[in-house]
Amino acid sequence: MSWPGDVMRTALVAVRLCELPEQQSVNADVHGGLIRVLAESPLGAANPDAIRPGAAMGQRGAAATVGALLDSSTLRQAARSLGVHHSTMQTRVETLAGAVGFDPIDGYGKARLGMAFLA
């Protein structure tokens, strides 16, 4: 069976977003057009934002913090989802901002964080 190229690329991006063994599948529709943007990027294309969060991801709780920020509409909601105090979450966001070089919860910063996280 032959798959259209864009469907195959989108499916490959969704597979790469899986975090095995906990998460064995990703619904590409949840990420909407972001998946398509990643799928249409040339293989190996440099995304400077994708490189910087990598340094922060080595810190304890960094991946969970980023995930909570992206899944929440407020800092307090993100803190509640992780079971941490909001001031702890604020400190984590400040650390993350220093690592990525932009404010990850303000305006386009959240979109940049989302793309960097997915990339």
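Residues numbered from 1 in each chain as written. Predicted model: local features only at pLDDT ≥ 70, side-chain atom pairs only at ≥ 80, totals over all residues. Heavy atoms only, no water.

A. Seen up close, the packing of helix 5 (residues 62-71) against helix 6 (residues 75-82). Viewed as axis vectors pointing N to C, helix 5 and helix 6 meet at an angle of 130 degrees, and their least axial separation amounts to 8 Å. Relative to helix 6, the element helix 5 is oriented oblique. The way helix 5 lies across helix 6 gives a crossing that is right-handed. Contacts between helix 5 and helix 6 involve A64, T65, A68 and L69 from the former and L75, A78, S81 and L82 from the latter. When grouped by side-chain class, the residues that make up the contact of helix 5 with helix 6 number six nonpolar, two polar and no charged. (Axes fitted to C-alpha atoms, helices over the stretch in contact; angles between N-to-C directions. Helix = DSSP H or I, 4+ residues; strand = E, 2+ residues; numbered from the N terminus. Parallel < 35°, antiparallel > 145°, perpendicular 65-115°, else oblique. Left-handed = near helix turned anticlockwise from the far one by under 90°. Contact = heavy atoms within 4.5 Å. Nonpolar A, V, L, I, M, F, W, Y, C, P; charged D, E, K, R; others polar.)

B. Just the side chain of T65, in detail. By the element assignment, T65 lies in helix 5. A polar atom in the side chain of T65 sits 3.1 Å from the side chain of R92. (Polar contact = N/O pair within 3.5 Å; in protein donor to acceptor, adjacent residues only side chain to side chain.)

C. Local environment of the confidence of the model for the protein. Summarising the model, the protein shows a mean pLDDT of 81, and 86% of its residues fall at 70 or more. When pLDDT is averaged over each element of the protein, helix 6 comes out on top at 96 and helix 4 (residues 48-57) at the bottom at 71. (pLDDT = per-residue confidence, 0-100.)

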